[in-house]
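# Chains, contacts and geometry: an overview
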Amino acid sequence: MSPAADAATRVARRSTRFVAWVRAWRAGLVPFDELPDEIARDEEHLVADAPGTWTDVPLPQGLPVFAKVHPDDIRLVLPAPGDPRGLPGPGPLTGAAMLSGEAVMTPTFGFVPEVRRHVSGSGVEFETVLWRFFPVENYKPVFQMGAAEAEGELTLALGEATTQLTKLDVAQWKPELAGALQQLRRPESTATLPAGFDPRARRLFARASILDQVLALAETNAPGGALNGYEAQQRDAALRPLLTACRQALVAACNSPLHA
C-alpha cells in the first residue's frame, strides 16, 4: 500500500476497538487493566455523564459501568444517513450517534464518541475523545448479518467497486485509492481483535477496518480539480454499496460470538 494510503488508515472507528475489548473483558478473556490502553492507544479518552460522576473522568473510571453487562449485550452500531439500524429510536443518543457515525449499545445505556480538537499554547494540534453516556430503556438489538454472510457481501462489493472505479479511471485522480483497493483484494492487515474472536471474525475485522479507513481517501477530490461534479457523482455511486458492506462487516465481526 502506498504511503498516502497507509497514512489514511491510521485512525479507525473508535467504537470497534471499544466494543471488542470490553466484550472480551466481560467474557473473562482479558484483564480489566488492559482495556484503557487497548481502547485509547496513544489518545486521551474521557467519559462524560457516567452514573456516579460529576465531571468528565478518565476512561478507566468510566468503564466499570459495563461490569454487570453480559458480553453478548454489548453491541457495535455504525449508523449512516438513512440507515439508523441498531439505534433505539428518536432521542439524544440517536442524534449523537447519527452525527458521530458510531455508538456502543447495551440494553440500558449507550456510549457515543465525540472527538474534540485542541491547539496547545505552542500551536500543536491534538485530539481528545469524549465517550458520552446516554441512558436508554428497553433497548433490543435488531437482527444483524453474521460474519460469514458479511464477508461474502464485502468481497462482492469490493470486486464490483473496483471494476466501476477502473472504468472511471480512478488511477488518474486518486492513484493511492486505486492501489489500496487492489491491495485489499489480497489483504495483509495486522489489525487484530482480542482473545475470544474466531479466525473468520479476525479476518473480516482486519480487512474491513483497513478498507473503512481507505475509503476516506475517496471523499476528497484529486488536487488540481481532476475530478468534476459528474465524475464525483459516479464515484460516489460506485462506492456507496462498498461503504455499506464495510460497515456491515465491522459490525458483524465485532458483535460475533466469543469463544473461550
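## Brief notes about unusual backbone geometry
Within the chain, R41 stands out as a residue other than glycine whose phi angle is a positive 55°. Looking at the element boundaries, R41 is found in the loop between α3 (35–40) and β1 (44–48). Judged by relative accessible area, R41 falls into the exposed class, the value being 54%. Of note in this structure, D49 is not a glycine but carries a positive phi near 70°. One can find D49 in the loop between β1 and β2 (57–58). The class of D49 is partly exposed, set by a relative accessible area of 45%.

## A word on the nonpolar core
General note: in soluble globular proteins, nonpolar side chains tend to be found buried as a group. One finds F18, F66, F111, L154 and L242 to be the most contacted residues of the largest nonpolar core, which totals 53 residues. Looking at this core, the elements that each hand over two or more residues are α2 (14–26), α3, β5 (109–119), β6 (125–135), α6 (147–167), α9 (199–214) and α10 (229–254). Tallying contributions element by element places α10 first for this core, with 10 residues. If you look at the next biggest cluster of nonpolar residues, it comprises 10 residues, including V77, L93, V112 and F134.

## So, the sheet that holds strand β4 (residues 103–105)
Ordered in space as β2-β1-β6-β5-β4-β3, the six strands form an open sheet in which the pairing is mixed. At either margin of the open sheet sits one strand with a lone partner, and together these are β2 and β3 (75–77). As defined by bridge partners, β1 adjoins β2 across two bridges and the pair is classed as antiparallel. In the strand pairing of β2, V47 is matched with V57. Against the sheet, α2 makes contact with β1, β3, β4, β5 and β6, and its axis sits at roughly 55° relative to β6, the strand it touches most.

Procedures and definitions
- Numbers given to residues run from 1 along each chain, matching the order in which its sequence is written.
- Two thresholds apply to this predicted model, a pLDDT of at least 70 for residue-level local features and 80 or more for giving and counting side-chain atom pairs, whereas whole-chain, interface and lining totals are computed over all residues.
- Processing note: side-chain calculations cover all non-hydrogen atoms of the structure and skip hydrogens and water entirely.
- Numbering of helices and strands starts at the N terminus; helices are DSSP runs of H or I of at least 4 residues and strands are runs of E of at least 2.
- We call a residue buried when its accessible area falls under 20% of the maximum for its residue type, exposed when it is over 50%, and partly exposed in between, using a 1.4 Å probe and counting protein chains only.
- We call a set of buried Ala, Val, Leu, Ile, Met, Phe, Trp, Tyr and Cys residues a nonpolar core when their side-chain atoms join them within 4.5 Å.
- By the convention used here, strands pair only if DSSP detects at least 2 bridges between them.
- Note on definitions: a residue-residue contact is assigned when non-hydrogen atoms from the two residues lie within 4.5 Å.
- Only the stretch in contact is used when fitting a helix axis, every axis being a line fitted to C-alpha atoms; angles between N-to-C directions are given from 0 to 180 degrees.

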